[in-house]
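Letter by letter, the chains look like this.
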Amino acid sequence: MAAPVRAESHAGAGAGVPTAAARVAGAVREAVRRASTVSLVLYALALGAGLGLATADYATRGGYPFGGVAVGAWTAWPRTGSVGADPYARAVNARRGEIPLAIGEGMLLTAAQDDEGRMLDATCTYAIAGITPPARAWTVTVAGRGPRDPDRTIVREGYTSTETLRERDGRFVITLSPEVQAGNWLPMPRASGPVRLALRLYDTPVAASAGTLDRTAVPAITRTGCAA
């Protein structure tokens, strides 16, 4: 009777000790678990970096995202060149390679739509007419949103206050058009796509009080026709 008892005892003892195959399987499972954790961490880091770069590119690709003051079809940016400019404005300036006007130097106004709220289109013709706020000098320039067509000859990109033809009362009309026009003609920078206007006022007293500007103090932007 003693022999069978000893055999069962040895069998029970052997069942509690893991075999080599079991140890290998456990090691594999642990390695897979750790690899999965590392993969998830790397994936999360890559996803976060990708989203961060994409949102930063979107926020700095166009105009300034914050701090604008609407004046008719124009938007004034009185603080983009000040010490208190927000980080996004600084990032936009760095990406463009531009030195913004400080409050004591002047003020920038931009327009991406006409007085009817329609986006400025390179296939259309617009009349930029009226007056500007008081300033020692000013410029009106146009730029396309996106890369410039390399096959398109650059004729003119803007007008200055000293070369713009005016009426007797000081008012002016600048025609923004893809076709040649009489008078102050400002050609489109590209054959199609959206465009943006920039009005820079130099040495102007309104730089510190952009919120008080009325829409009659800035040039109106009127669409006069579009290509069929």
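Structure: above.
The structure displayed is predicted, hence computed values, not measured ones.

So, the sheet that holds strand 4 (residues 124-130)
Phase 1: Strand order in the open sheet formed by four strands is 8-7-4-10, with mixed pairing between adjacent strands. Two strands close off the open sheet at either side, each with one partner strand: strand 8 (184-187) and strand 10 (220-226). Here the strands of the sheet are splayed against their neighbours by 25° on average, with no regard to which way each runs.
Phase 2: Relative to strand 8, strand 7 (residues 172-177) is paired through four bridges, and the arrangement is parallel. When the bridges of strand 8 are listed, Ile174 appears paired with Asn184.

A few points about the nonpolar core
Phase 1: Judged by nonpolar contacts, the single largest core of 32 residues is most densely connected at Trp74, Met107, Leu109, Leu176, Leu197 and Ile221.
Phase 2: Looking at this core, the elements that each hand over two or more residues are strand 2 (74-77), strand 3 (106-111), strand 4, strand 5 (137-144), strand 7 and strand 9 (195-202).
Phase 3: Residue contributions to this core peak at four residues, all from strand 9.

Focus: the pattern of salt bridges
When the charged atoms of two side chains with opposite charge come close together, those side chains can pair.
Phase 1: Overall, the coordinates contain four salt bridges when judged by the stated rule.
Phase 2: Taking the shortest distance from any N to any O, the salt bridge between Arg156 and Glu163 comes out at 3.3 Å.
Phase 3: When its relative accessible area of 36% is taken as the criterion, Glu163 is described as partly exposed.

Focus on the state of the cysteines
Phase 1: Across all of its chains, the model carries one disulfide by this definition.
Phase 2: What pairs with Cys124 in a disulfide is Cys226, and their sulfur atoms sit 1.9 Å apart. Here the S-S torsion is close to 100°, and the disulfide linking Cys124 with Cys226 is therefore right-handed. Taken as a pair, Cys124 in strand 4 and Cys226 in strand 10 lie far apart in primary sequence, 102 residues in all.

What to know about unusual backbone geometry
For residues besides glycine, phi is generally negative; the peptide bonds are generally trans as well.
Phase 1: Residue Asp203 is not a glycine yet carries a positive backbone phi of 50°.
Phase 2: With respect to the helices, strands and loops of the structure, Asp203 is situated in the loop between strand 9 and strand 10.
Phase 3: Residue Asp203 is classed as partly exposed on the basis of its relative accessible area of 37%.

Digging into the packing of aromatic side chains
Any two aromatic rings considered together are summarised by their centre-to-centre distance and by the angle between their planes.
Phase 1: In this structure the tally under the stated criterion is one aromatic pair.
Phase 2: One Lys or Arg, Arg156, reaches over the ring of Tyr159 and ends 4.1 Å from the middle of that ring.

Side note on a nonpolar patch on the surface
Phase 1: Residues Val41, Leu42 and Leu45 make up a contiguous nonpolar surface patch of about 300 Å² in total accessible area.
Phase 2: With respect to the helices and strands, Leu42 occurs in helix 2 (residues 20-61).
Phase 3: The class for Leu42 is exposed, based on a relative accessible area of 52%.

Rules used in this analysis
Residues numbered from 1 in each chain as written. Predicted model: local features only at pLDDT ≥ 70, side-chain atom pairs only at ≥ 80, totals over all residues. Heavy atoms only, no water. Pairing = 2+ DSSP bridges. Helix = DSSP H or I, 4+ residues; strand = E, 2+ residues; numbered from the N terminus. Axes fitted to C-alpha atoms, helices over the stretch in contact; angles between N-to-C directions. Core = buried A, V, L, I, M, F, W, Y, C linked by side-chain atoms within 4.5 Å. Buried < 20%, exposed > 50% of the residue type's maximum accessible area, 1.4 Å probe, protein only. Salt bridge = Lys/Arg side-chain N within 4 Å of Asp/Glu carboxyl O. Disulfide = S-S within 2.5 Å. Phe/Tyr/Trp six-rings, centres within 6.5 Å; stacked < 30°, edge-to-face > 60°. Lys NZ or Arg CZ within 6 Å of the ring centre and 35° of its normal. Patch = residues over 30% accessible without salt bridge, like charges linked within 9 Å, V, L, I, M, F, W, Y side chains within 5 Å. Areas by Shrake-Rupley, 256 points an atom, 1.4 Å probe, with all protein chains shown as cover.

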